[in-house]
Amino acid sequence: MCTPIKALSNQKYRDFKKEFSDVGLLTGDVQIDSDSKCLVMTTEILLQMLYNRSEVISNLEFVVFDECHYVNDPERGHVWEEVFILLPQTCSLVLLSATVPNVVQFADWLGRTRKKKTYVVSTRKRPVPLRHYLYVGRDKKSQHDRHMIVDENGVFINDNYKMCEELIDGYKQKFGYIKRCPQTERQIYLNLIRHLQEKDKLPAILFTLSRNRCDSNLENLMAISSDSFQLISKAEESRIHSFVWHHLRQLKSCDQKLPQIVRTVEMLKRGLGVHHSGVLPILKELTEILFSDGLIKVLVATETFAMGVNMPARTVVFDSIDKHDGHNWRDLLPSEYIQMAGRAGRRGKDANGTVIILCKYDIPDSPRLTRMIQGCATQLVSQFRLTYHMICNIHKTSQTDETDIEKFLERSFGEHNRLKQSQDVNKELQSLRQQIETLPANDCNHCSDLENFCLTFEEYVQCLRAVMPTICQRALEKGRLNIGRIVVVIGAENPFESALIVRVNKDRHNNITALTVLSLAPNNATNGFQLRDVAVDCVHKILNKQLKNKSFDPKVIIDENENVKNKYKAKEETLRVVDMFRDLCLDTNYSLLNTDSIDPKTNLQIKELDLVDKINKYITFGTKLLTFECIKCSDFVLHFCKTNHKITLRKQEIDLEFKLSSQSLQFLPEYKTRIEVLQTMLYLNQHLVLELKGRIACLMAEHELLLTEMLTNNVISDLTPQQIAALLSCFSFAEVLDKTSVQEGIIVRCIQRLDELLKFVKMAANKMGNKELEDKIELASKAIRRDIVFCQNK
Ligand SMILES: [Zn+2]
């Protein structure tokens, strides 16, 4: 049984122990009955076991992962992913998770990685359904103003929302706003708690999203609780008193007088509790036990309480829905809201869970509320990352070669999606290659330089597209792009197609948008012609050729053709014009060689420098096209189209190949650079076998390179135990260093982390064969393992 945090492991252990006898517990702090048939542990411990090839692993039949949506945790999610990849295939996994939208995708990955069938069992139904309310009460009269805005079926109740809005507006009317001050807060809390008590809605968890606001809310509750309300009976109070002191008695008398202890005991005795990361571990544990016994009626807590142990209440209250995420204020995410709101409603005790959002000064917009309450949970995203620690551990056995690592990387969740996509790309590539193979080769004698022609043609078209819209516009203004004029356009079946302009399409600013042209049908079918629109950037050139003025009426041609479905259907007038048009074009067999065209610089007087530059480029490439031998081939157009098609397909092939290669392994380049670093620093030798330094780095879950360097360069060995503890505290006290007033619980946590680090370093000293250093570290560890810091594990 794996859980994300120690506290949850402890709780699961206690729960299991009530039912079964053969249960053990393994966390960083405790080892109880480690040879039991059922072991509860944190995922980190399981990973260590996997890397150390522990005996437990080889006998493992099932692993149950609780709260496995932790895979999303940016700091520690990668540990879960590594464990999923490394667990032996014989072992069956059961994963328990909150609702996630992409559970099937995740299961798909797991199944592929584990090479096993995966079954997804899910329900959107909560055993205890939730009702969501807004609370706008603030005095005796409005004390019970709690209104449901989302019911147990997830339906938003707009009328109730409107009513709350009006009530808040009513309070604001006097000053235009509601004054933010402790008095207002106290009033609201006093009425809220009286309301909850009267309506039998306690116990409640009051989620307050910052530690400081937690403490100020408590101040307010303490200030009003002494004379305004009584949460618990005298009998309950004495039960709490004797329970608390039974445990606190073990502390040294000076520790018993710590301000946090004194204050918390006073709170607990009134049925109030507090739970956040700044609270001393021993007090946290006492609070949890009292809360699950129903003796704490109002618990003020931060988000961490929702992520930790499973302790539901009848009611959950949100002090506010704003959260500071370290950079900005933002609304709670749907998944965060649901995680906390989900604490409302105890199985078997409550028919519904009550969730209340306090509206102290304002009412959140309804889109904000619905997004948060009814929104989608966060997707599971791979947090996989390469660490030196992981690489060293994978290389522990000397047989590891590159392909093993590739396989390991391929099995990560992130790569899974890329691989899925690459399977599709691969299919596409196969069919493309088949298509290319079936194309007949062009063995025409005249077309030996056709492939090069195609490449030049492509560059030419790019230049053309850059200038032709402007040239056409200028030509129109100078009367050179008129009805009856012949232009050369890029056609679908003939890249150099002559076309007769029958209409110039313009927008309301007189800018040219397209040309309606009449062109001869492909294959030179005697009567074939086509009327269509062409974009101006598909025009090669405007010829100095046109049908005589008034020799035809374009309107008649358009009318004759536009309402006819069959484009090639001949009409009398059109046929007459087509004949004239064909006569005019007959002097060349295709229009590429027709060079008698309008010169943009001289005929249109284009003088702008950048435009002239572009036009020169277009002319240069156009002239270059005329130097190729292939254009003299009698079947040039046909041969060109075939070859050009083949070139286009080959380009697609190259694109797909590139996609496949870059897609297959995102982590491989990083892996290779990391290996180089490890080889340069002598952690791995040239044959990728671990050296002593590498074996030491295997032991360090964090700061692996820095700590190993310190150890192997004798930075630590000459120090006294006290100095060692002081030096290593740099690694675990980061949180303390950037805070001015630090709460007791945080300091204790840092010291515990330091102790964990000392354990790793001691193992490393043992591996190095340095007995003296090992003993010193043991002394340092003993020196910090005292008093209140470690008493919660007794
Ligand atoms: Zn040819």
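From a predicted model like this one, the values you see are computed outputs, not experimental measurements.

Trainee: What am I meant to see in the overall build of the chain here?
Mentor: When helices and strands are tallied, the chain shows 31 helices and 20 strands. Along the first, second and third principal axes, the C-alpha atoms of the chain reach 115 × 80 × 50 Å. Residue burial in the chain is summarised as follows: out of 794 residues, 49% are buried. At a minimum sequence separation of 6, the contacts of the chain that also span at least 24 residues come to 71%. Accessible surface, the chain as shown: approximately 40300 Å² in total, 51% of it carbon and sulfur. Taking the average location of the 107 positive side-chain charges in the chain and that of its 102 negative ones, the two points are 4 Å from each other.

Trainee: Help me out: how do you make sense of the sheet that holds strand β19 (residues 529–535) in this one?
Mentor: Across a sheet, paired strands are connected by hydrogen bonds in the backbone, their directions being either parallel or antiparallel. In spatial order, the strands read β19-β18-β17-β16-β20; together these 5 strands make up an open sheet with antiparallel pairing. Here the strands that pair on one side only, and so sit at the sheet edges, are β19 and β20 (539–546). The average angle at which neighbouring strand axes cross in this sheet is 40 degrees, direction not considered. Two strands pair when backbone bridges link them, and strand β16 (residues 485–489) and strand β17 (residues 497–506) are joined in this way by 4 bridges, in the antiparallel orientation. Across the sheet, residue Val489 finds its bridge partner in β17, namely Glu497.

Trainee: Is there a simple way to explain the coordination of the zinc ion in this structure?
Mentor: By definition of the ideal shapes, a tetrahedral metal site with four donors has angles of 109.5 degrees and an octahedral site with six donors has angles of 90 or 180 degrees. The protein atoms that coordinate the zinc ion are Cys444 (SG), Cys447 (SG), Cys633 (SG) and His639 (ND1), at distances of 2.1 to 2.4 Å. Given 4 donor atoms and angles of 107 to 117 degrees at the metal, the environment of the zinc ion is assigned as tetrahedral. On the primary sequence, the residues serving as donors to the zinc ion are separated as C-x2-C-x185-C-x5-H. Residue Cys444 is located in the loop between α18 (413–438) and α19 (450–477), and its partner Cys633 is located in the loop between α22 (609–625) and α23 (636–664); the two are separated by 189 residues in the primary sequence.

Trainee: What should I look at first to understand empty space enclosed by the protein in this one?
Mentor: A water-sized probe, rolled over the atoms, reveals where empty space remains. Counted by the stated rule, this structure contains 2 cavities of 30 Å³ or more. Of the pockets and cavities examined, the largest cavity occupies roughly 60 Å³. What lines the largest cavity is Asp215, Leu218, Gln260, Arg263, Thr264, Met267, Val274, His276, Val279 and Gln743. Taken together, the elements giving at least two residues each to the lining of the largest cavity come down to α8 (211–228) and α11 (259–268). The dominant element in the lining of the largest cavity, judged by the number of residues it contributes, is α11, at 4 residues. As a volume, the second largest cavity reaches approximately 50 Å³. The wall of the second largest cavity is formed by Tyr189, Leu192, Ile193, Leu196, Leu202, Ala204, Leu206, Val298 and Val317. Counting residues per element, the lining of the second largest cavity draws most heavily on helix α7 (residues 182–198), at 4 residues.

The rules we used
Residues numbered from 1 in each chain as written. Predicted model: local features only at pLDDT ≥ 70, side-chain atom pairs only at ≥ 80, totals over all residues. Heavy atoms only, no water. Helix = DSSP H or I, 4+ residues; strand = E, 2+ residues; numbered from the N terminus. Buried < 20%, exposed > 50% of the residue type's maximum accessible area, 1.4 Å probe, protein only. Contact = heavy atoms within 4.5 Å. Areas by Shrake-Rupley, 256 points an atom, 1.4 Å probe, with all protein chains shown as cover. Lys, Arg positive; Asp, Glu negative; His and termini not counted. Charge placed at Lys NZ, Arg CZ, Asp CG, Glu CD. Pairing = 2+ DSSP bridges. Axes fitted to C-alpha atoms, helices over the stretch in contact; angles between N-to-C directions. Donors = N, O, S within 2.8 Å, 3.2 Å for Na, K, Ca; no water. Tetrahedral: all angles 85-135°; square planar, octahedral: opposite > 155°, others 65-115°. 1 Å grid on protein atoms, 1.4 Å probe; cavity = no way out; pocket = protein on both sides within 12 Å on 5 of 7 lines; lining within 4 Å. Points joined across faces, edges and corners; volume = space filled by probe spheres on them.

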